[in-house]
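Chain residues, written in single-letter form:
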Amino acid sequence: MPVPPPAAPRRRSVLPDVAVSLAGAAFLLAGVAGALPGPAAAALAVAGGFALACVRLAWLAGAAAPTSIPAAIGRPAPTDMPAPGRRAAEPGPQQPGPQQAVTLRWHAGEATDTAPAHGATTTGRRARRAALSRRVAAILDSAVLVAGLTVAVLPLSDVAHRLPIALAGLCLTGALHVTALLRLPGRSRLSGPELVRRTVDVLALGVSLVFAGWMLLPGGPVPAVAGIVAAGGAVVLAVLVVASVAERRRRPGAARCHAGAALTLGGLTLLVVLLAYDAPDRALPLVAAPLVAGALLTAAGARRTSGGERPGRDVAPAAWPRLTAPAGIAALAAGIHLGTAGEFSTGAMALGLAVIPPIMAGELLAAADQRRRVQRLAAREAWLRRRLGPDGRRVEPLTRAELVTTMAERSGGALLVVDLHGVGGAVPESAVLCEAARRLRAGSETHDLVARLGDTEYAVLTDAGPVLAYALGLRLLAALGEPYPRPGGAVRLGVSVGLAETNGGDPEDVLRQADLARRRAVQLGRDRVEWYDAYLEEQLVRRLDLERELPGAVARGELDLVYQPVVALADRVPVGTEALLRWRSPALGTVLPAELLPVAADLDLTGEIGRWVLDRACRQLAAWSEGGRELWMAVNVTPRELAAPDFVARTATALAAYDVVPERLVVEVAEPVVGAELSTVVARLAGLRSIGVRIALDDFRAEHASLAQLRRLPIDLLKVAPHLVGPGGDGQRPLIDVVANLADRLGVELVVEELESEGQVAGARRAGCRYGQGFALARPATAERVEAWFEDHPSTAR
């Protein structure tokens, strides 16, 4: 069957965030107004936000407990929402019925447009990145939990113990945040000049924050604890804010984590200062706003980071207002102090003047950077001018930052990012890469900039419009895909091209968009050109979410089966059911096999999920058999599962474990995916039949090759679509007659699936088909609802 397009990605709802924010605001106002005791109001104001953040971080860490509740104690049947274009065996959301479940088969035939599995190196790197992300999420979860508990215990403790509790919570939360931030994926070592610039920025902002804190503290003697914590907090806040701004384009998830840590630690610092000054209780709820915002922002950043931010992206850092931010903070604090106190002390004036040197140093460094940039551009332009002409069609070696700079100097056109892949994902040898670079330059226009960004990654910056740019991409794809002569024989490269328009867009965003389009081309099988659009980015984010959440889904109890009955067309008596897989993800909702299977294949989870499906189906079949129902249970398997040497033995073990008669189990395999591994499939199917298991061939196409292949396969049931039942073209006999005659000679029973109307049911019955399956007969539903349907439709032996 053709592959339906994936459903639109589901974004995390903001309703929980809005709800906890509104509830926190209500408790905050109640505390400030005196309607609630201050400590209690502060604890209640942060409770919802911290609980939500902790739950999200716990799921990211893989520590959340299974949330599925057995239907036997009253779980409502979940509803699946199919995308447009689903196969006829799927219900639409508008259809009534006891169970709105979508029938998508547990086989790879419905995901043929997905990319092949990556190499072992890529899989291992992805697994290590996922493990690191889970550890970071666990540490951040602990930090958020400690901060929340610090505020939560205030109403339960006496006044004398509140300051030590707040200090301990601040220190422990800070240590946990630092540990997590240093372990975030993608962190790269700063170069010498970058480290100097970052240090100067931190000094400028830190001194201005210390000055602001000094100005805003109440007059009179300053408690030692308040002074130390305020000064230290200002420095830590400066470090986190500068890091967040610097990382917001290169690693947006890490930037959010830094910002969340800054807000959380800033709220706890404020709490310590208030307690050190013996502030009135109604002032304590003021700490709730930064704490809740920090917790939710930390969880959002961890989720973005675990989704797979690319480490070490060589893009220009985000601009930091190194003059306006520190000067503005200091000026605002000075103005407030002047309006309330009326004068400055000598120490305050000295501290205010101390803000100026780091600000000036930052401006001098920025001017030096700009001067070097201009010199570098001038030198490159002169170098290119000297080489214009026939030795001028060269491939420049650029960094991503230099490419971004070059794009900023040009207007209009498009950017193509080209990635080359050797056999099995290996890096091609240097001689092949040199020839590929030559072809790349030869296939581009004279005025196009062709740059090498990495070992196998190139960029082409062209002034051409969208149509000509796409034609250029196709031309380069054809040229780079030609064989490369080598002493040991010609080799071929896989080519993926991502394309994005540069009109009016931020250069860094354009480069990111082209890169996303290239990654999409890789996912769709390589050797193609992909345009960037917003939906493509959503698909990639959805894919990363699936890759993050799927590992451990079996252990967490998130998989589920629904069942669709198969009936005898003559009397509509049920004779069997088909088990259909669903993934009930707490984070992503219900995920169907069309999305689930490609990800499971890439993560090497197909075997684990297939074993769970077989075990659960056999258990349910045994339960129905104990009630006297003589039904079969069909389970879909992929060729990869069948290729496992122990598949037949595992099937026999599952049957024996639940005392299921082998003839009651039907293993379904899709006909379109059988051809690639026909010999292996035939051997495994023969092994299954030797132990008594019956075999069904799904999605039979009735083509010449299919009819010839049918004779080689050891099958018992043949599942066909209803279009075969209709009249043939040009007065020819219906295709179903040909298939039925061949099935009779082979001793195979026909099952017509996807029957959606009474007319199709009547046509299948007139054609002599014995069994049918589809909405017109029975809808997919949970085991409990199917069992209730069985009560109204008693089965007989078949």
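Residues numbered from 1 in each chain as written. Predicted model: local features only at pLDDT ≥ 70, side-chain atom pairs only at ≥ 80, totals over all residues. Heavy atoms only, no water.

Caption draft 1: Representation of the overall build of the protein within the structure. When you go through the protein residue by residue, the secondary structure sums to 25 helices and 15 strands. Looking at the protein residue by residue over its 798 residues, the buried ones come to 50%. Across the protein, the fraction of contacts at a sequence separation of at least 24, relative to all contacts at a separation of at least 6, is 76%. Within the structure as shown, the protein displays about 35000 Å² of accessible surface, and the carbon and sulfur contribution to it stands at 60%. (Helix = DSSP H or I, 4+ residues; strand = E, 2+ residues; numbered from the N terminus. Buried < 20%, exposed > 50% of the residue type's maximum accessible area, 1.4 Å probe, protein only. Contact = heavy atoms within 4.5 Å. Areas by Shrake-Rupley, 256 points an atom, 1.4 Å probe, with all protein chains shown as cover.)

Caption draft 2: Representation of the packing of aromatic side chains in the model. Counted according to the given criterion, the structure contains four aromatic pairs. For the pair Trp624 and Phe790, a centre-to-centre distance of 5.3 Å together with 80° between the ring planes defines the contact as edge-to-face. Residue Trp624 is located in helix α18 (residues 606-626), and its partner Phe790 is located in helix α25 (residues 783-792); the two are separated by 166 residues in the primary sequence. Every member of this aromatic cluster is reached through a ring pair, and the members are Tyr563, Trp624, Trp789 and Phe790. Across the ring face of Tyr484, the terminal group of Arg439 is positioned such that the distance to the ring centre comes to 3.8 Å. Against the face of Phe775 rests Arg779, its NZ or CZ located 4.9 Å from the ring centre. (Phe/Tyr/Trp six-rings, centres within 6.5 Å; stacked < 30°, edge-to-face > 60°. Lys NZ or Arg CZ within 6 Å of the ring centre and 35° of its normal.)

Caption draft 3: Looking closely at the sheet that holds strand β1 (residues 396-397). The mixed open sheet is built from six strands, whose spatial order is β1-β3-β4-β2-β5-β6. Each edge of the sheet is formed by a strand with only one pairing partner; in this case those strands are β1 and β6 (528-531). Helix-sheet contacts for helix α15 (residues 507-523) involve β2 (414-421), β4 (457-462), β5 (494-501) and β6, and the interaxial angle to β5 is about 145°. (Pairing = 2+ DSSP bridges. Axes fitted to C-alpha atoms, helices over the stretch in contact; angles between N-to-C directions.)

Caption draft 4: The environment of Leu688, seen in detail. Looking at the element boundaries, Leu688 is found in helix α21 (residues 678-690). Taking the C-alpha atoms as reference points, Leu688 and Val648, separated by 40 residues in sequence, lie 5.8 Å from one another. Beyond its immediate sequence surroundings of up to four residues, Leu688 is in contact with Leu642, Phe647, Val648, Thr651, Val667, Val693 and Ile695.

Caption draft 5: Representation of the nonpolar core in the model. Ranked by internal contacts, the top residues of the largest apolar core, which has 78 residues, are Leu550 and Leu718. If one sorts the elements of this core by residue count, α18 sits on top with nine residues. With residues near it in sequence (within four places) discarded, Leu550 still touches Trp583, Leu596, Val599, Ala600, Leu603, Leu605 and Ile609. Core analysis: the next-biggest nonpolar cluster, separate from the first, contains 49 residues, Leu28, Ala137, Leu265 and Leu296 among them. (Core = buried A, V, L, I, M, F, W, Y, C linked by side-chain atoms within 4.5 Å.)

Caption draft 6: Examining unusual backbone geometry more closely. Positive phi outside glycine occurs at Arg572, with the angle close to 60°. For Arg572, the location among the structural elements is in the loop between β7 (559-568) and β8 (574-585). On the basis of relative accessible area, Arg572 is assigned to the partly exposed category, the value being 31%.

Caption draft 7: Expanded view of helix α9 (residues 324-340). Taking 1.5 Å per residue as the helical rise, α9 with its 17 residues ought to reach 24 Å, and the 24 Å between its terminal C-alpha atoms agrees with that figure. Along α9, the residues that are buried comprise Ala325, Pro326, Ala330, Ala333, Ala334 and His337. The buried residues of α9 occupy one face: seen down the axis, they fall within an arc of 160°. Facing away from the buried side of α9, by more than 90 degrees, are the exposed residues Thr324, Leu332 and Gly339. Directly after α9, the chain includes Gly342, whose backbone phi takes a positive value near 90°. (Expected span 1.5 Å × (residues − 1). Arc of directions from axis to C-beta.)

Caption draft 8: Examining the packing of helix α12 (residues 400-408) against α15 more closely. Contact geometry of α12 with α15 gives a least axis separation of 8 Å together with a crossing angle of 120°. With respect to each other, α12 and α15 are oriented oblique. For the element pair α12 and α15, the recorded crossing hand is right-handed. Contacts from Arg400, Leu403, Val404, Met407 and Ala408 of α12 reach α15 at Pro507, Glu508, Val510, Leu511 and Asp515. (Parallel < 35°, antiparallel > 145°, perpendicular 65-115°, else oblique. Left-handed = near helix turned anticlockwise from the far one by under 90°.)

Caption draft 9: Examining α25 more closely. For α25, the full list of buried residues reads Ala783, Val786, Trp789 and Phe790. Down the axis of α25, the smallest arc covering the buried residues is 120°, so these residues share one side. Of the exposed residues in α25, the ones pointing more than 90 degrees away from its buried face are Glu791 and Asp792. Contacts from the buried residues of α25 go to β7, β8 and α18.

Caption draft 10: Focus on the pattern of salt bridges. Applying the stated criterion across every chain, the model contains 30 salt bridges. Several salt bridges converge on common partners, so that one network encompasses Arg400, Asp419, Glu457, Asp515 and Arg518. (Salt bridge = Lys/Arg side-chain N within 4 Å of Asp/Glu carboxyl O.)

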